[in-house]
Amino acid sequence: MTIRIGVIGTGMIGEEHSRRITKTLTDAEIVAVSDVNLDQAHAMIDRLGLDATVYETGQALIEADNVDAVLVTSWGQTHEEYVLAAIKAGRYVFCEKPLATTAEGCQRIMDAEMAAGRRLVQVGFMRRYDHGYNLLKDTMDAGNLGQALMIHAAHRNPTVPERYVTPMAIHDTLIHELDTFRWLLDDEYASAQVAFSQKTRHAHSEVRDPQLVLLETTRGTRIDVEVFVNCQYGYDIQCTVVGEEGIAHLPEPQSLTLRQAGKRSNEILQDWKKRFDDAFNTELQGFIHDAQAGALKGPSSWDGFAAAVAGDACVKAQESGQVEPVSMPDRPDFYR
Ligand SMILES: NC(=O)c1ccc[n+]([C@@H]2O[C@H](COP(=O)([O-])OP(=O)(O)OC[C@H]3O[C@@H](n4cnc5c(N)ncnc54)[C@H](O)[C@@H]3O)[C@@H](O)[C@H]2O)c1
Ligand SMILES: O[C@H]1[C@H](O)[C@@H](O)[C@H](O)[C@@H](O)[C@H]1O
């Protein structure tokens, strides 16, 4: 059975995912789209040549009879209401990160999903499907590095839009690392601290940038992440795991080495699209096949919640300048 998908939010990633579902992946089609900016929804349909209905509201799209699954790719603060509505309507839902911008919001989603009695939600934590991160995970799981003592990481974007404000450095950007490191380490966070450097002149007035996030896990692994969202030069994701028996670096994206005019150079990517293209394909194809089979297996609402609990502590730490505890409740049996 082809999974009929409705897309809420036809901006950058809404269009990227719609394109990959239409042109690259199998077993799904886009039948419905919606965006607060209706012109944008129509423009996307035209660009991709889709045979899909444009709905004036996300709610109407979710309730449409011919929609089996919903893709939520609108702005982060709007995700919760759409995911809750999709659960209520019994639709599978793939929600881009963050699941909700606070742990409280994620808790409401888990409560609704548990009440529905089956897993309906997958969160777009695509780094779990990235080849390089899987190489890191495999070597750590095989015990090749011994105990993981520290992780040094950096998350750099060339620029961010005007609507990007300081807490988004956590729930829009760092949220990737918050999920990735608990997955890599199979551990949860115990505390978080944030320190700001001198502000870059390239950041607009509502965002303090760059910043350093220091996390500690329950087993005592220390993690530092530089979040720098106006670095200008490119989209650059770095990760080094320091273990008792060795050190492993996340591979750089493959690129041509050019020797020319007295210089040796490699291109640096400018955004997330190419950097994680393969990972996006694998995660979404998995979602489609799992929805067909009636059993979702990808990152769950619990994973969205766990990242948000740590995210809340980081946002608090941005304001307080103190070390903030992260306290994770027990995982409900439903999510084991
Ligand atoms: N996994 C990743 O690496 C990745 C990459 C990019 C974006 N994202 C996530 O995807 C989401 C969208 O990001 P984007 O970069 O495409 O942003 P964008 O601004 O390009 O697109 C968002 C779209 O949502 C629409 N929108 C806003 N509020 C809405 C509402 N209430 N109802 C319906 N539509 C609404 C906007 O009009 C816009 O067209 C964000 O949550 C972002 O964090 C994830
Ligand atoms: O929505 C985007 C996306 O998730 C990117 O992967 C991240 O680097 C950006 O900081 C974020 O704004």
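The chain goes by Inositol 2-dehydrogenase in an unreviewed UniProt entry, where it is assigned to Kushneria pakistanensis. Taken directly from UniProt, the Sequence similarities (unreviewed entry) text for the chain runs: "Belongs to the Gfo/Idh/MocA family." Under the heading Subunit (unreviewed entry), UniProt records this for the chain: "Homotetramer."

Undergrad: Would you mind showing me how to read the pairing of strand β2 (residues 28-34) here?
TA: Taken residue by residue, a regular strand's side chains alternate between the two faces of the sheet. Across the seven residues of β2, six count as buried, placing the element largely inside the fold. As paired strands, strand β1 (residues 3-8) and β2 are joined by six bridges and run parallel to one another. Bridging from a neighbouring strand, I8 pairs with S34 of β2. One crossover worth recording links β1 to the parallel β2 by way of helix α1 (residues 12-23), and it is right-handed. Here β2 pairs with strand β3 (residues 53-55) via three bridges, running parallel. Across the sheet, residue A32 finds its bridge partner in β3, namely T53. Viewed along the sheet, the connection from β2 through helix α2 (residues 38-48) into β3 turns out right-handed.

Undergrad: Just to check I follow, could you spell out the environment of V123 for this structure?
TA: Here V123 lies in strand β6 (residues 121-123). It is 6.7 Å that separates the C-alpha atoms of V123 and S301, two residues lying 178 residues apart in sequence. When neighbours within four sequence positions are excluded, V123 is seen to be in contact with C95, K97, L99, P299, S300, D303 and G304.

Undergrad: Looking at this model, I keep getting lost on the sheet that holds β3. Mind explaining?
TA: Backbone-to-backbone hydrogen bonds join strands into a sheet, with any given pair of strands oriented parallel or antiparallel. Sheet architecture is open: six strands sit in the order β3-β2-β1-β4-β5-β6, paired in parallel fashion. In this open sheet, the two edge strands, each paired with only one partner strand, are β3 and β6. The sheet shows a mean angle of 25 degrees between the axes of neighbouring strands, taken without regard to direction.

Undergrad: Just to check I follow, could you spell out the sheet that holds strand β10 (residues 222-228) for this structure?
TA: The sheet built from seven strands is open, its strands ordered β12-β11-β7-β10-β9-β8-β15 with mixed pairing. A strand with exactly one partner marks an edge of an open sheet, and here the two such strands are β12 (247-249) and β15 (324-325). In this sheet, β10 lies alongside strand β7 (residues 148-156) in parallel orientation, the contact comprising seven bridges. Each residue of the ladder has a partner; that of I151, found in β10, is I223. Packed on one face of the sheet, helix α10 (residues 301-320) meets β8 (189-196), β9 (211-217) and β15 and runs near 35 degrees to β8.

Undergrad: I tried to follow the UniProt feature "domain: Gfo/Idh/MocA-like oxidoreductase N-terminal" (unreviewed entry) in the chain on my own but got confused; where do I start?
TA: In the UniProt entry, the feature "domain: Gfo/Idh/MocA-like oxidoreductase N-terminal" (unreviewed entry) is given for residues 3-125. Annotation note: span residues 3-125, helix share 43%, strand share 22%, distance between end C-alpha atoms 21 Å.

Undergrad: Explain the nonpolar core to me, please; I cannot follow it from the model alone.
TA: Most often, soluble globular proteins keep nonpolar side chains buried together rather than apart. In this structure, V83, V93 and C314 are the most contacted members of the largest nonpolar core, which totals 93 residues. With 11 residues, the top contributor of residues to this core is α10. Three or more residues apiece are contributed to this core by two domains, here domain 1 (3-127 + 277-306) and domain 2 (131-270). What C314 contacts, discounting residues up to four positions off in sequence, is I170, L174, A192, V194 and V213.

About the criteria used
- Residues numbered from 1 in each chain as written.
- Chains lettered and ligands numbered in written order.
- Predicted model: local features only at pLDDT ≥ 70, side-chain atom pairs only at ≥ 80, totals over all residues.
- UniProt positions renumbered as here; feature names shortened; annotations may be inferred.
- Buried ≥ 20, exposed ≤ 12 C-beta atoms within 10 Å, placed from the backbone.
- Helix = DSSP H or I, 4+ residues; strand = E, 2+ residues; numbered from the N terminus.
- Pairing = 2+ DSSP bridges.
- Right-handed = clockwise from strand over helix to strand, strands pointing away.
- Contact = placed C-beta atoms within 7 Å.
- Axes fitted to C-alpha atoms, helices over the stretch in contact; angles between N-to-C directions.
- Core = buried A, V, L, I, M, F, W, Y, C linked by C-beta atoms within 7 Å.
- Domains from an automatic or database assignment.

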